[in-house]
Amino acid sequence: MIDLLSYQPKQEFAQKHMLRLSDYTHDEILQVLSLALKLKKQLKEGLRPPLLAGKILAMIFTKSSTRTRVSFEAGVYQLGGTAQFLSSNDIQLGRGEPISDTAQVLSRMVDGIMIRTFKQSDVEDLAKYGSIPVINGLTDLLHPCQILADLMTYYEHKGSLTGKLAFIGDGNNVANSLLVGCAKLGLDISVACPEGFDPDADVLAAAKQAAAQSGSKIVITHDANEAAEGADAVYTDVWASMGQESDAQDKYKHFTDYQVNEKLTVRCKEDYIFLHCLPAHRGEEVTETVIDGPHSVIFDEAENRLHAQKAVMALLMR
Ligand code: CP
Ligand code: NVA
């Protein structure tokens, strides 16, 4: 069984950005998780190593956030640096200044950029035109930092990075990144979503490629019961993501068989854990009995955003 706290890297960490998990090797993801666990342990012991002393992180948000904003800001402070919160309403990006110019200007002033926005290509363009690390804090396509925290939480509760996760619901940004994260690490992953709401085809292809190397088994199904069968962890997310609110009622009609409730979780292993990236809509994608029940680890998962992202920032911006 792998002991992540004392994990010895196999190669030097070569990544410049955190745009998508598919860029990362198995070893690099384990390096992130290992440092995250170390930083978590140190923080609990009252230690705040100044790995980013004097560094500045610019945080661009064109969508709302609680966890991502607070965890990045708290995280960079704990590592000795500072953060700037840049709402797209308040910076010139929101008035049409090109991403390429924004990237070059910020690169002359700060040491890293975290961005939450709609288009994945905007995040990639920031990295392309800038000269400092760029971290994806969620796009319509992906949410890699979330999945690092999820994998860390899975490891803490299960004691290993083996077994099966089931994702039930919308094949969205979280489902996409979860597929890749599990496939990279060799975890089995079953995704159950309504027809027409499948994970992104290109991301799925990248996950399958990773799974061919790691031995992970990927199943995409329209049957929630099949996905949940024998799962060590069951994960869900909202049925309408940010930006889809106006079509939510129409969309919800397709999701009635995809609620995570006690009828579904009875199919999971007895000691299954329940994961949700939050924010949650109780009574929609998950019942109160499950999300507020004994199997739920949602607040450990939310806390791990802090530790996982501190590790990402330390590895990229140091
Ligand atoms: N899970 C997550 O990213 O939460 P926020 O939208 O609050 O940042
Ligand atoms: N899928 C959700 C995740 C929120 C953290 C969204 O994009 O709104």
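Since we're looking at a predicted model, the values are computed, not measured. (Residues numbered from 1 in each chain as written. Chains lettered and ligands numbered in written order. Predicted model: local features only at pLDDT ≥ 70, side-chain atom pairs only at ≥ 80, totals over all residues. Heavy atoms only, no water.)

K.L.:
Hey, could you run me through helix α12 (residues 298–317) in this one?
P.N.:
Owing to its 3.6 residues per turn, the α-helix aligns residues three or four sequence positions apart on the same side. Under the 1.5 Å per step criterion, the end-to-end length of α12 is 28 Å for 20 residues, consistent within 8% with the ideal 28 Å. Where burial is concerned, most of α12 is hidden: 15 out of the 20 residues are buried. (Helix = DSSP H or I, 4+ residues; strand = E, 2+ residues; numbered from the N terminus. Expected span 1.5 Å × (residues − 1). Buried < 20%, exposed > 50% of the residue type's maximum accessible area, 1.4 Å probe, protein only.)

K.L.:
Looking at this structure, I do not really get the sheet that holds strand β2 (residues 82–87). What am I missing?
P.N.:
Sheet strands line up and pair through hydrogen bonds in the backbone, either parallel or antiparallel. Spatially, the four strands line up as an open sheet ordered β2-β1-β3-β4, and their pairing is parallel. Two strands in the sheet have a free side with no partner beyond their single neighbour: β2 and β4 (134–136). Ignoring strand direction, the axes of neighbouring strands in this sheet form an average angle of 20 degrees. Judged from the six bridges that link them, strand β1 (residues 56–61) and β2 form a sheet pairing that is parallel. Residue pairing for β2: Ile56 is matched across the bridge by Thr82. Against the sheet, helix α2 (residues 67–78) engages β1, β2, β3 (112–116) and β4, with an angle of about 175 degrees to β1. (Pairing = 2+ DSSP bridges. Axes fitted to C-alpha atoms, helices over the stretch in contact; angles between N-to-C directions. Contact = heavy atoms within 4.5 Å.)

K.L.:
How should I be thinking about the pattern of salt bridges in this particular structure?
P.N.:
Here the idea is simple: oppositely charged side chains can pair when their charged atoms come close. Per the counting criterion, the structure on display carries 13 salt bridges. Of the charged contacts, one joins Asp250 and Lys253 as a salt bridge, the two residues approaching to 3.0 Å between their closest N and O atoms. Look at Lys253 and you get exposed, because its relative accessible area is 62%. Linked by salt bridges that have partners in common, Arg20, Asp23 and Glu124 make up one network. (Salt bridge = Lys/Arg side-chain N within 4 Å of Asp/Glu carboxyl O.)

K.L.:
How should the sheet that holds strand β9 (residues 273–276) be read in this particular structure?
P.N.:
With parallel pairing, the five strands of this open sheet are ordered in space as β7-β6-β5-β8-β9. The open sheet terminates on both sides in strands that have one partner only, identified here as β7 (218–221) and β9. In this sheet, adjacent strand axes meet at a mean angle of 20 degrees when their direction is disregarded. One ladder, built from four bridges, connects strand β6 (residues 188–192) with β7; its direction is parallel. Counted as the bridge partner of Val191 is Ile220 from β7.

K.L.:
How do you make sense of the nonpolar core when you look at a structure like this?
P.N.:
Across soluble globular proteins, nonpolar side chains show a tendency to be buried alongside one another. The biggest cluster of nonpolar side chains holds 67 residues, and the ones touching the most others in it are Met18, Leu33, Ile135, Leu148, Leu165 and Ile189. The residues touching Leu33, leaving out its near neighbours within four places in the chain, are Leu4, Leu148, Leu151, Met152, Leu161 and Leu185. The next biggest cluster of nonpolar side chains, apart from the first, holds 26 residues, and it includes Val234, Ala280, Val286 and Val290. (Core = buried A, V, L, I, M, F, W, Y, C linked by side-chain atoms within 4.5 Å.)

K.L.:
Mind showing me how you'd approach the packing of helix α5 (residues 144–158) against α12 here?
P.N.:
Packed helix pairs are specified by the crossing angle of their axes together with the interaxial distance, meaning the distance between the axes. Between α5 and α12, whose axes approach to 8 Å, the crossing angle comes to 115 degrees. Every pair of crossing elements has a handedness; the one defined by α5 and α12 is right-handed. Here Cys145, Gln146, Leu148, Ala149, Asp150, Met152, Thr153, Glu156 and His157 of α5 lie close against α12, whose contacting residues are Asp300, Glu301, Asn304, Arg305, His307, Ala308, Gln309 and Val312. Residue classes in the contact of α5 with α12 are distributed as six nonpolar, six polar and five charged. (Left-handed = near helix turned anticlockwise from the far one by under 90°. Nonpolar A, V, L, I, M, F, W, Y, C, P; charged D, E, K, R; others polar.)

K.L.:
I keep staring at the site of ligand 2 and nothing clicks. Help me out?
P.N.:
Ligand 2 sits among Leu138, Asn172, Asn173, Asp237, Val238, Ser241, Met242 and Leu278. Note that a nitrogen atom of ligand 2 is positioned 3.3 Å from one of the side-chain N or O atoms of Asn172. Within the side chain of Asn173, one N or O atom sits 2.8 Å away from an oxygen atom of ligand 2. For ligand 2, whose accessible area on its own is 270 Å², the fraction buried by protein is 95%. (Near = heavy atom within 4 Å. Polar contact = N/O pair within 3.5 Å; in protein donor to acceptor, adjacent residues only side chain to side chain. Areas by Shrake-Rupley, 256 points an atom, 1.4 Å probe, with all protein chains shown as cover.)

K.L.:
I tried to follow the environment of Met114 on my own but got confused; where do I start?
P.N.:
Here Met114 shows up in strand β3. As for Met114 and Asn136, which are separated by 22 residues in sequence, their C-alpha atoms are 6.0 Å apart. Beyond its immediate chain neighbours, meaning those up to four positions away, Met114 contacts Leu57, Ala58, Met59, Ile60, Phe61, Thr68, Phe72, Ile135 and Gly137.

K.L.:
I tried to follow the packing of aromatic side chains on my own but got confused; where do I start?
P.N.:
Ring pairs (aromatic) are described by centroid distance and by the angle formed between their planes. Applying the stated criterion to the full structure yields seven aromatic pairs. With a centroid separation of 5.6 Å and 75 degrees between ring planes, the pair formed by Trp239 and Tyr252 is classed as edge-to-face. Of this pair, Trp239 sits in the loop between β8 (233–236) and α9 (248–252) while Tyr252 is found in helix α9, placing the two residues 13 residues apart along the sequence. For the pair formed by Trp239 and Tyr252, the shared burial category is buried. Joined through ring pairs, the aromatic side chains of Phe197, Trp239, Tyr252, Phe255 and Tyr258 make up one cluster. (Phe/Tyr/Trp six-rings, centres within 6.5 Å; stacked < 30°, edge-to-face > 60°.)

K.L.:
Sorry if this is basic, but what is going on with the site of ligand 1 here?
P.N.:
Residues in close proximity to ligand 1 include Ser65, Thr66, Arg67, Thr68, Arg116, His143, Gln146, Cys277, Leu278 and Arg305, which together make up its full environment. Within the side chain of Arg116, a nitrogen or oxygen atom sits 2.7 Å from an oxygen atom of ligand 1. Taking 250 Å² as the accessible area of ligand 1 by itself, protein coverage stands at 95%. Per-class residue counts for the shell around ligand 1 are two nonpolar, five polar and three charged.

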